[in-house]
Amino acid sequence: MRFLLLPLEFIIDFLFDGWFSIMQWILPKKTLSILVQIILRILIAIYSAILLVIFFFGILCAIVTELTVFDLWKVIFIPLGLSIIQIVIGLIVRCKTKSKNKPDY
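The structure presented is a predicted model; accordingly, all values stated were derived computationally and were not measured. (Residues numbered from 1 in each chain as written. Predicted model: local features only at pLDDT ≥ 70, side-chain atom pairs only at ≥ 80, totals over all residues. Heavy atoms only, no water.)

(A) Just the overall build of the protein chain, in detail. The helix and strand inventory of the protein chain stands at three helices and zero strands. Counting from the amino terminus, helix and strand elements in the protein chain follow one another as α-α-α. Sorting the 105 residues of the protein chain into buried and exposed places 20% on the buried side. Put simply, 57% of the contacts in the protein chain that link residues at least 6 apart link residues at least 24 apart. Accessible area of the protein chain: about 8,300 Å², with a carbon and sulfur share of 78%. (Helix = DSSP H or I, 4+ residues; strand = E, 2+ residues; numbered from the N terminus. Buried < 20%, exposed > 50% of the residue type's maximum accessible area, 1.4 Å probe, protein only. Contact = heavy atoms within 4.5 Å. Areas by Shrake-Rupley, 256 points an atom, 1.4 Å probe, with all protein chains shown as cover.)

See the structure below:
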C-alpha cells in the first residue's frame, strides 16, 4: 500500500512547493527590510494556502458529488483567477527588479 501512495505524495508535494514558490514571486528581492519581507512572506503563504484549499475543495466537490464544474465555478475559478493575477503581477515585479539591477551599456 505504501508504494501506491508514494508517487501521489511526490506529486502533491511538488504542487504545493511549486504553488507557494510561484505565489511568492510578487515580493521584490532587495527593496524591503528583512522583517517586512518575512511578514509579507507569511501573509502571502497564508493567502496562498487559503486559495489552494478552496480550489482543491471545489475540485473534490466536483469529483465526489453530483455537482458539475459549472455549478461550482465560483469555488474553482475565482481562486484560480486570483492566483493567476498574483503570478502575473509577480512576473512583472521580477522583470522590473531585474531590469533595475542590470547596468545600462
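Picking up where we left off.
(B) Region of the structure containing the environment of Thr97. Among the secondary structure elements, Thr97 is positioned in helix α3 (residues 73-101). The class for Thr97 is buried, based on a relative accessible area of 18%. Expressed as a C-alpha distance, the spacing of Thr97 and Pro28, which sit 69 residues apart in the sequence, is 6.8 Å.

(C) Local environment of the packing of aromatic side chains. For the coordinates displayed, the defined rule picks out one aromatic pair. Pairing Phe55 with Phe56 gives two aromatic rings, centres 5.8 Å apart and planes at 55°, and the pair type is tilted. Since its relative accessible area comes to 31%, Phe56 is described here as partly exposed. (Phe/Tyr/Trp six-rings, centres within 6.5 Å; stacked < 30°, edge-to-face > 60°.)

(D) Representation of the nonpolar core. Membership of the largest hydrophobic core is limited to six residues, which are Trp19, Met23, Leu27, Ile44, Leu51 and Leu52. For this core, the elements supplying multiple residues, two or more each, are α1 (2-23) and α2 (34-64). The greatest single-element share of this core, amounting to three residues, is contributed by α2. Those residues in contact with Leu51, other than ones at most four positions away along the chain, are Trp19, Met23, Pro79, Leu82 and Ser83. Ranked by size, the runner-up nonpolar core spans five residues in total, among them Cys61, Ala62, Leu72 and Ile76. (Core = buried A, V, L, I, M, F, W, Y, C linked by side-chain atoms within 4.5 Å.)

(E) The arrangement of the side chain of Gln24 in detail. Looking at the element boundaries, Gln24 is found in the loop between α1 and α2. Among residues more than four places away in sequence, those in contact with Gln24 are Arg41, Ile44 and Ala45.

(F) How the structure looks around a positive patch on the surface. The grouping of Lys29, Lys30, Arg41 and Lys98 at the surface amounts to a positive patch. One can find Lys29 in the loop between α1 and α2. (Patch = residues over 30% accessible without salt bridge, like charges linked within 9 Å, V, L, I, M, F, W, Y side chains within 5 Å. Salt bridge = Lys/Arg side-chain N within 4 Å of Asp/Glu carboxyl O. Lys, Arg positive; Asp, Glu negative; His and termini not counted. Charge placed at Lys NZ, Arg CZ, Asp CG, Glu CD.)

By themselves these figures say nothing about function.
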